[in-house]
Amino acid sequence: MLTLLKLLKDGRFHSGQALGAALGISRSAVWKQLQHLEADLGLSVHKVRGKGYQLAKPLLLLDVAQICANGLCEWPVHVFDSIDSTNAEALRSIERGVQAPFLVLAERQIAGRGRRGRKWVSPFADNLYHSLVLRIDGGMRQIEGLSLVVGLAVMHALRDMGIAEAALKWPNDVLVGEKKIAGILLELVGDPADVCHVVLGVGINVNMRSTDEVDQQWTSMSLESGRDFDRNELVARLGAKLQQYLALHHEAGFAAIQSEWERFHLWQGRAVSLIAGVNRIDGVVMGIDHQGALRLKVDGVEKTFSGGELSLRLRDDS
Ligand code: BTN
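Residues numbered from 1 in each chain as written. Predicted model: local features only at pLDDT ≥ 70, side-chain atom pairs only at ≥ 80, totals over all residues. Heavy atoms only, no water.

The protein carries the name Bifunctional ligase/repressor BirA in an unreviewed UniProt entry, which gives Pseudomonas chlororaphis as its organism. Its UniProt record, at the heading Sequence similarities (unreviewed entry), says of the protein: "Belongs to the biotin--protein ligase family." Comment text from UniProt for the protein, heading Catalytic activity (unreviewed entry), reads "biotin + L-lysyl-[protein] + ATP = N(6)-biotinyl-L-lysyl-[protein] + AMP + diphosphate + H(+)". (UniProt positions renumbered as here; feature names shortened; annotations may be inferred.)

(A) View of the side chain of Arg 315. With respect to the helices and strands, the residue Arg 315 is situated in the segment after β14 (310-314). A residue is classified by how much of its surface remains accessible, and Arg 315, at 19% relative accessible area, is buried. A distance of 3.3 Å separates a polar atom in the side chain of Arg 315 from the backbone oxygen of Val 272. Sequence-distant contacts of Arg 315, defined by excluding residues within four places in its chain, comprise Ala 271, Val 272, Ser 273, Arg 280, Asp 282 and Gly 283. (Helix = DSSP H or I, 4+ residues; strand = E, 2+ residues; numbered from the N terminus. Buried < 20%, exposed > 50% of the residue type's maximum accessible area, 1.4 Å probe, protein only. Polar contact = N/O pair within 3.5 Å; in protein donor to acceptor, adjacent residues only side chain to side chain. Contact = heavy atoms within 4.5 Å.)

(B) Geometry of the packing of helix α8 (residues 231-252) against helix α9 (residues 255-263). Direction vectors running N to C along α8 and α9 enclose 135 degrees, while the axes themselves pass 8 Å from each other. Comparing the axis directions of α8 and α9 gives the class oblique. On α9, the residues that touch Tyr 245, Leu 248, His 249 and Ala 252 of α8 are Ala 256, Ile 257 and Glu 260. Considering only residue class, the contact of α8 with α9 consists of five nonpolar, one polar and one charged. (Axes fitted to C-alpha atoms, helices over the stretch in contact; angles between N-to-C directions. Parallel < 35°, antiparallel > 145°, perpendicular 65-115°, else oblique. Nonpolar A, V, L, I, M, F, W, Y, C, P; charged D, E, K, R; others polar.)

(C) Molecular detail of the side chain of His 249. On the secondary structure map, His 249 appears in helix α8. Taking relative accessible area as the criterion, His 249 reaches 2% and is therefore assigned buried. Reaching out from His 249, the side chain makes a polar contact with the backbone oxygen of Glu 144 at a distance of 2.6 Å. Ignoring anything within four residues of it in the chain, the contact list for His 249 reads Arg 141, Gln 142, Ile 143, Glu 144, Gly 145, Leu 146, Val 149, Phe 254 and Ile 257.

Here it is in structure tokens:
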């Protein structure tokens, strides 16, 4: 089915006969595969008598050669047409002994994972589903604030590509105004105090313009700018920013990044509720500390909070 899609991706008309000949199947088998393409991948195909078949919109698929041509050639890149989750595949690869660093990308995820057990909506060829695997052997210091560092790199990559309003929300969401444009999920295997592997999972809404599956306010690069983006260029730009900020973090620790991160924090000084499961703590955001923990003023007293299960909401009265 995906071989057929690759023949159609140019957005031109292709006759059923030519497609069948290229694939070594009958015209009716082509027809059946096209119906699957529409049903499974949510793509729309025009069928015109005498002309053949045409994708409603040309597709720019992920392509390792194009990613390298855009400047990111250092990391081995594994691209999947369809996978459960790029983070899950990255963890399986670590288990199999694949040497880090490496990057796992997919055109779609059928079980994309978000923070706090949520699902990450991952339609075909629209967005970026990106998991970078690193080996960490510098102890806890190399992990401290790492997810915030990734958020900063994602935000700068988006700004470089023209999404000038992209900004941060603790711990690691990237927002435009109140709408989420990117999310980050770090997963760790091994002993963080000694040698471990970390999977830096990044999901960016790129060319997605509609979905009723996302249960929070969201936006995408194309909704913000009115044009579509080449995800191969985005992968390369994000790679460059990750290299820059991960190197700074490696050499100088999170303290070297703290004040820059705070400058881009949308909710600095705002009244918020910190949600931890069924518990809620109201306070005012003071910033973050040297490890990336949130500093909140609660009833006049400064307190720090950290942990993957926490999330922030703006308070109605803020
Ligand atoms: C969040 O909830 O904000 C985090 C979302 C992280 C989604 C990305 S998409 C690539 C990688 N693979 C996954 O299954 N999840 C992350």
